[in-house]
Amino acid sequence: MPKEVLLGVSHESSWWEGNHGRPSTKGGYGPMHLTDTTSGRTYPHRPGEGPVDTTGTGDPSEHTLGAAAAMIGVTPRTLRTDELQNLRGGAALLASYQRQITREISPDPGSWYGAVARYSQAADTATAARFADGVYTVIRDGSRRVREDGQTVSLPERPDVRPSTSQLASLRLRTLPAAEVPECPAELNCRFVPAATSNYQVATRSAQGIDVDFIVIHDLEGSYDGGVSWFRNPSSGVSAHYVLKADGTEATQMVATKDIAFHAGNYWFNLHGVGIELEGYAAQGATWFTPAQYRATAALVRYLAGRFDVPLDRKHIIGHDNVLPPRPARAPDAHWDPGPYWDWEKFMALLGAGAGAGAGAQSDAGVARESTRIGQAVMIAPEFGENPQSVTVCDPECRTQKQPSNFLRVRTAPRADAPLVSDRALHPDGGASTDRIDDWGATAMWGQEFVVADVSGDWTALWFGGQKGWIHNPAGIHTRPAPDARIVRPASGADSVSVYTTAYPRAAEYPEGLTASAQTRFDMYAFPQGQAYVAARTPVGADDFFPATPSRPETVVTGDQTYDVIQYSRRLATVNHAETRS
């Protein structure tokens, strides 16, 4: 086959990287991204927190690695790690598609357009064409890259190549509009630059009845251009719907809002969320999070919240640091951006949220409020500029920095020298949390709502992460009442409630041929009788999603159970609605 086609497909599939034998988010291996989504291998820590799809189905598009291995007579294991054999396998797969479409192996690179589009395993013409067009752009313009291992790979430019785009019709894929016009408010300078097709899932969320319930704020831990480049890199395995520049002058949409971006490290939250990445670094937030960036981000969030009817409160407008991973083993690697220096007080005011969630926050910040009462719900509301907190930052050398912050420390007793509460997902031995910036288990953030468990002098106890945690709150100065909060408790007669971080259907509710996603219980977390937590106003239904393939329509699986999304600690959690009472 033409060398240009093989190199072009590998470039668009992996940027010529082998990824050290590890799978992409979609279970693709090697420089040709040959898929095997049911290998059963898991990787608890990945750059960017892209979860590996290890559920999979029997659909052929999810098992191209096995098909390619059979074509060239090697084992699937070999194709995962041997880059030369991976290239041979990918070439054999491409050749098989070419024979199906044109019945000949042509030396003309342009005549392989249909096979290249088919290689994407896309179920719709727009996504298949985007992949193929990317391949032929790199063939036409040429490319040269230095891989992670130091090897230089180059593809000389071939401006004479003319792709046979008419072959796309022979694939008989479904028709979806290509999202080339950015979905942005008029006041933003916005463009659309698509993420790599392997870094998100094509979907029609609204048409399938999948609600967008969360808008998730992240920071890139890097530059604007670097973030755009990272999401275009097919080996990254991650994406966000939007990327915003620190000075507010530019915004890039990279995934259509109908589609599912891989940004939160928890697929169920991705299924129901829109992800926004900000240029900047969480540990340097005061430097990077400019007034212009706050205004631009608020304009985008207002626009999205209006489109999808997302409530403007901190149970729905959240940070990546408010999302727990789907499995306990991944908690130590959970991201904590945008971090302690994103001014939620200012941001929620810019959104025009209700007084209980930010609109009037600055009018009486820092003044004593009515006495807190046991059993009432309160919102965490320290005045950002008057709330300096010390944190230890290690990168790799450790330093202590004290700056205005959006959180309060949560302690085991009502005194300043008491240990910080322990988060068992981070400290399995029950040891106290620390003041490290990435040790997030003992911090309550601005706008979050909790139930008062006790009061002692200047200290207020909250039901927090399965325990009684104390915040310094003289005369209620760091909290405000949340009278409209919906409080949930264990149902009468129940000893405790199981804590989850997803809301999937039960295994028996999945159709034959579709593998159930694991609804993993966080056994180290407690929600016993006597405790209470604030939940979102409306329970959510159990659901899951399987994207379309060339041989299967996209499928939404729903269950008959509903779940409450609760403010459990710094992170949100889910509990079965049938196990609670309001």
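Use the structure listed above.
Residues numbered from 1 in each chain as written. Predicted model: local features only at pLDDT ≥ 70, side-chain atom pairs only at ≥ 80, totals over all residues. Heavy atoms only, no water.

Draft legend 1. Spatial organisation of the sheet that holds strand β5 (residues 190-192). Spatial strand order, β5-β9-β8-β11-β7-β12: 6 strands in an open sheet with mixed pairing. Single-partner strands in this sheet number two, and they are β5 and β12 (317-319). Geometrically, the sheet is characterised by an average inter-axis angle of 25° between neighbouring strands, direction not taken into account. Both strand β8 (residues 242-244) and strand β9 (residues 251-253) contribute to a ladder of 3 bridges, which runs antiparallel. Within β9, the position partnered with Leu244 by the bridge is Ala251. Strands β5, β8, β9 and β11 (273-278) of the sheet are contacted by helix α7 (residues 224-232), whose axis makes an angle of about 165° with β8. Here helix α11 (residues 344-351) sits on the sheet and contacts β7 (214-219) and β12; the angle it forms with β12, its principal contact strand, is near 155°. (Pairing = 2+ DSSP bridges. Helix = DSSP H or I, 4+ residues; strand = E, 2+ residues; numbered from the N terminus. Axes fitted to C-alpha atoms, helices over the stretch in contact; angles between N-to-C directions. Contact = heavy atoms within 4.5 Å.)

Draft legend 2. Fine view of the packing of aromatic side chains. Scanning the model with the defined rule gives 17 aromatic pairs in all. Ring geometry for Trp342 and Phe347: centres 5.2 Å apart, planes at 55°, overall tilted. For the residue pair Trp342 and Phe347, the accessibility class agrees, reading buried in each case. Judged by centre distance (6.2 Å) and plane angle (90°), the ring pair of Tyr510 and Phe546 falls under edge-to-face. (Phe/Tyr/Trp six-rings, centres within 6.5 Å; stacked < 30°, edge-to-face > 60°. Buried < 20%, exposed > 50% of the residue type's maximum accessible area, 1.4 Å probe, protein only.)

Draft legend 3. Broad picture of the pairing of β7. The buried fraction of β7 amounts to 6 of the 6 residues, a majority that puts the element mostly inside the structure. Here β7 shows no split at all, with Phe214, Val216 and His218 on one side and Ile215, Ile217 and Asp219 on the other all buried. In this structure, β7 lies alongside β11, joined through 6 bridges in parallel fashion. Note on β11: the bridge partner recorded for Phe214 is Gly273. In this structure, β7 lies alongside β12, joined through 3 bridges in parallel fashion. Along β12, the bridge assignment pairs Ile215 with Ile317.

Draft legend 4. α7, seen in detail. Restricting attention to buried positions, one finds in α7 the residues Tyr224, Gly227, Val228 and Phe231. Burial along α7 is one-sided: seen end-on, the buried residues are contained in an arc of 100°. If you follow the buried residues of α7, they end up packed against β5, β8, β9 and β11. By the N-cap criterion, in which a side-chain oxygen at the helix start approaches the backbone nitrogen of a residue two or three places on, α7 is capped by Ser223, the distance to Gly226 being 3.0 Å. (Arc of directions from axis to C-beta. Polar contact = N/O pair within 3.5 Å; in protein donor to acceptor, adjacent residues only side chain to side chain.)

Draft legend 5. Highlighting the sheet that holds strand β21 (residues 479-481). Read from one edge of the open sheet, 5 strands run β20-β19-β18-β13-β21, paired in antiparallel fashion. The outermost strands of the open sheet, each flanked by one partner alone, are β20 (467-472) and β21. In this sheet, neighbouring strand axes are inclined to one another by 50° on average, regardless of whether the strands run parallel or antiparallel. Here strand β13 (residues 377-380) runs beside β21; their pairing, made up of 3 bridges, is antiparallel. Paired with Ile380 across the strands is Thr479, a residue of β21.

Draft legend 6. Region of the structure containing the side chain of Ser111. Here Ser111 is to be found in the loop between α4 (83-102) and α5 (113-119). Residue Ser111 is classed as buried on the basis of its relative accessible area, which comes to 12%. In contact with Ser111, other than residues within four places in its own chain, are Gln98, Thr102, Ser106, Ser164 and Gln167.

Draft legend 7. Highlighting the packing of helix α2 (residues 64-72) against α4. Closest axis-to-axis distance for the α2/α4 pair is 8 Å, and the angle between their directions is 95°. In terms of orientation, α2 lies roughly perpendicular with respect to α4. The segment α2 lies against α4, with Thr64, Ala67, Ala68, Met71 and Ile72 engaging Gln85, Arg88, Gly89, Ala92, Leu93, Ser96 and Tyr97. Tallied by class, the residues present in the contact of α2 with α4 amount to 7 nonpolar, 4 polar and 1 charged. (Parallel < 35°, antiparallel > 145°, perpendicular 65-115°, else oblique. Nonpolar A, V, L, I, M, F, W, Y, C, P; charged D, E, K, R; others polar.)

Draft legend 8. Focus on the nonpolar core. Ile276, Ile317, Trp344, Phe347 and Ile566 are the most contacted members of the largest nonpolar core, which has 71 residues in total. Top contributing element to this core by residue count: helix α10 (residues 291-308), with 8 residues. If we skip the residues at most four places from it in the chain, Ile276 touches Ile215, Val216, Ile217, His218, Tyr242, Leu244, Leu300, Val301 and Leu304. Membership of the second largest hydrophobic core comes to 40 residues, among which are Ala68, Tyr119, Ala122 and Val138. (Core = buried A, V, L, I, M, F, W, Y, C linked by side-chain atoms within 4.5 Å.)

Draft legend 9. Here's a closer look at the pattern of salt bridges. The full count for this structure, using the stated rule, is 21 salt bridges. A salt bridge links Arg147 to Glu83; the shortest N-O distance between them is 2.8 Å. With Arg147 in the loop between β3 (143-146) and β4 (152-155) and Glu83 in helix α4, this residue pair connects regions lying 64 residues apart in the sequence. Take Arg147: its relative accessible area is 9%, and that puts it in the buried class. Of the charged contacts in the structure, one is a salt bridge between Glu187 and Arg302, with a shortest N-O distance of 3.9 Å. With Glu187 in the loop between β4 and β5 and Arg302 in helix α10, this pair connects stretches of sequence that are 115 residues apart. The class for Arg302 is partly exposed, based on a relative accessible area of 37%. In the salt-bridge network here, residues are joined through shared partners; they are Glu4, Arg158 and Asp160. (Salt bridge = Lys/Arg side-chain N within 4 Å of Asp/Glu carboxyl O.)

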